[in-house]
Structure formats: C-alpha cells, structure tokens
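Geometric and topological summary
As a plain string of letters, each chain reads:
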Amino acid sequence: MDVLEAIRGLRVVRRYADRPLEATHLEAILNAGRRASSSKNRQRWDFVVITDRDGLRTLSEVGPYAGHVAQAAAAVALVYPSPSGEAPHSTNWDLGLASQNMILAAWSLGIGSCPITVYEPELARTFLGYPADHACEQLLVFGYPANPDDLTRPLRRGRRRPLGEIVHREHW
Ligand SMILES: Cc1cc2nc3c(=O)[nH]c(=O)nc-3n(C[C@H](O)[C@H](O)[C@H](O)COP(=O)(O)O)c2cc1C
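Being a predicted model, the structure only gives us computed values, none of them experimental.

What counts as what
Residues numbered from 1 in each chain as written. Predicted model: local features only at pLDDT ≥ 70, side-chain atom pairs only at ≥ 80, totals over all residues. Near = placed C-beta within 6 Å. Nonpolar A, V, L, I, M, F, W, Y, C, P; charged D, E, K, R; others polar. Pairing = 2+ DSSP bridges. Helix = DSSP H or I, 4+ residues; strand = E, 2+ residues; numbered from the N terminus. Axes fitted to C-alpha atoms, helices over the stretch in contact; angles between N-to-C directions. Contact = placed C-beta atoms within 7 Å. Parallel < 35°, antiparallel > 145°, perpendicular 65-115°, else oblique. Left-handed = near helix turned anticlockwise from the far one by under 90°. Buried ≥ 20, exposed ≤ 12 C-beta atoms within 10 Å, placed from the backbone.

Moving on, we come to the site of the ligand. Taken together, the residues surrounding the ligand are Arg11, Val12, Arg14, Gly63, Tyr65, Ala66, Cys114, Pro115, Ile116, Thr117, Leu155 and Arg159. A class-by-class count of the residues in the shell around the ligand yields seven nonpolar, two polar and three charged.

Below, the discussion takes up the sheet that holds strand S3 (residues 112-117). Pairing within the open sheet is antiparallel, and its four strands lie in the order S1-S2-S4-S3. The open sheet has two free edges, formed respectively by strand S1 (46-50) and S3, since each of these has just one partner strand. Neighbour to neighbour, the strand axes of the sheet diverge by 25° on average, direction disregarded. As defined by bridge partners, S3 adjoins strand S4 (residues 134-143) across six bridges and the pair is classed as antiparallel. The partner of isoleucine 116 across the bridge, within S4, is leucine 139. The sheet contacts of helix H5 (residues 121-128) involve S1, strand S2 (74-81) and S4, and relative to S4 the element is tilted by about 80°.

Okay, the packing of helix H2 (residues 23-34) against helix H4 (residues 91-108) next. Relative orientation and spacing of two packed helices are given, respectively, by the angle between their axes and the distance between those axes. Two numbers describe how H2 lies on H4: the axes approach to 7 Å, and their chain directions differ by 150°. As judged from the angle between their axes, H2 and H4 are roughly antiparallel. For H2 against H4, the interelement crossing comes out right-handed. Contact residues: Ala28, Ile29, Ala32 and Gly33 in H2; Ala98, Asn101, Met102, Ala105 and Ala106 in H4.

We now examine unusual backbone geometry. Trans peptide bonds make up the majority, and among non-glycine residues the majority have a negative phi. Despite not being glycine, glutamine 43 shows a phi value in the positive range, around 50°. Mapping glutamine 43 onto the fold places it in the loop between H2 and S1. With 13 C-beta atoms counted inside 10 Å, the residue glutamine 43 sits in the partly exposed group. Notably, serine 90 is not glycine yet its phi reads approximately 70°, a positive angle. Its place among the elements puts serine 90 in the loop between S2 and H4. Taking the number of C-beta atoms within 10 Å as the measure of exposure, serine 90 has 15 and is therefore partly exposed.

The element S2 is extensively covered by neighbouring structure, given that seven of its eight residues are classed as buried. Judged from the five bridges that link them, S1 and S2 form a sheet pairing that is antiparallel. Paired with valine 48 across the two strands is alanine 77, which belongs to S2. Pairing analysis gives eight bridges linking S2 to S4, with the strands arranged antiparallel. Looking across to S4, one finds that alanine 74 is bridged to phenylalanine 142.

Quick look at the structure:
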C-alpha cells in the first residue's frame, strides 16, 4: 500500500471481528514498531503483547475510553523507563513514532487499531508486571474490523483541521 494512500485513508477502528491476528501479521506490526527511529537511537521501549481474552477484558478497565479493548484481537502495551529528571526526555516522541509505524503497518495489512490512554496506571502495572522503574501510559489495540468498510470509508468531513488554519509560514 502506498504510504500517502495509507495516511489519507487511516482512521481509528473500535469494532473488531472475533478472530485472532495471523501470527505473521502480529509480527509484522511489532517489527514496524521496533524499526522506528528514536532519540539517540536509545530505543527506550518494550512492547507487552496481550492476546488472551481475559487479559484483554482486564485491560478494558484501564480507562474510561478503553471498553472496546475487551473485543480486540490484541493489545500492545507501550512500556518505557520512567523519566529520570533528564530534559528533554523525548520518550513520548519515540513512542509516538513506534506507534504510528505499528498503526500504519497494521492498516496496510487490513487491520484496524486504536490508541488507548491508561488512566489507571496501577491496574496496568499490576496486570502487566513491568519493572518498578518503568511506566505505561498508552496501549495500542488491534483487530480486523468488524465492518470491512471501515478500511475504505473516507473520514467524515471536518474530522481534521484544514491546513489554512494550522500552518503558519515564516512566523506565527
Ligand atoms: C494519544 C492518544 C490517546 C488516545 N486515547 C484513546 C482512548 O483512550 N480511547 C479511544 O477510544 N481512543 C483514543 N484515541 C483515539 C482518538 O480518539 C482518535 O485518534 C481521534 O478521535 C481521531 O480518530 P479518527 O482517526 O478515526 O478520525 C487516542 C488517540 C491518541 C493519539
């Protein structure tokens, strides 16, 4: 799939078919995340993959907008070393790049995804078991769309601010 075409069509998918991701698809998604650039190439990320239905149900409690995690085929928890006071820390940027790589790789394979914000960090920590000096603020969830039209339906008009409103040339 052409990159520009993928970016133009990409949308969040929150309703998933009840079938697991093909192993080769899941691996391609994780590899796309691994391949991302990062500040000083430090690659300060670990990906915890959850495909077990009970685990996904537990993760659907991490925040008020996470209910659909229970129906997803897989979740990838983005775990990173907690900021140590160094500034700029840059992990948000790094994780964003890795995330968008995974999201676009999934899209190119006919797989929908949605970022999920963790509002209950202790639930995530207890359930996922990552080290005490690490944190997790986001999950990515993946699944083949329940409605295949989700992969081709254009975004509704007005879903993105127009260039004329956000681009400032030479100065603000
Ligand atoms: C950092 C971040 C956090 C998000 N958290 C959630 C979330 O907790 N639950 C959810 O359903 N969607 C979440 N989203 C998805 C956004 O709501 C979605 O990207 C936005 O509404 C645009 O959707 P569209 O691409 O389908 O137009 C999040 C997106 C981002 C980038």
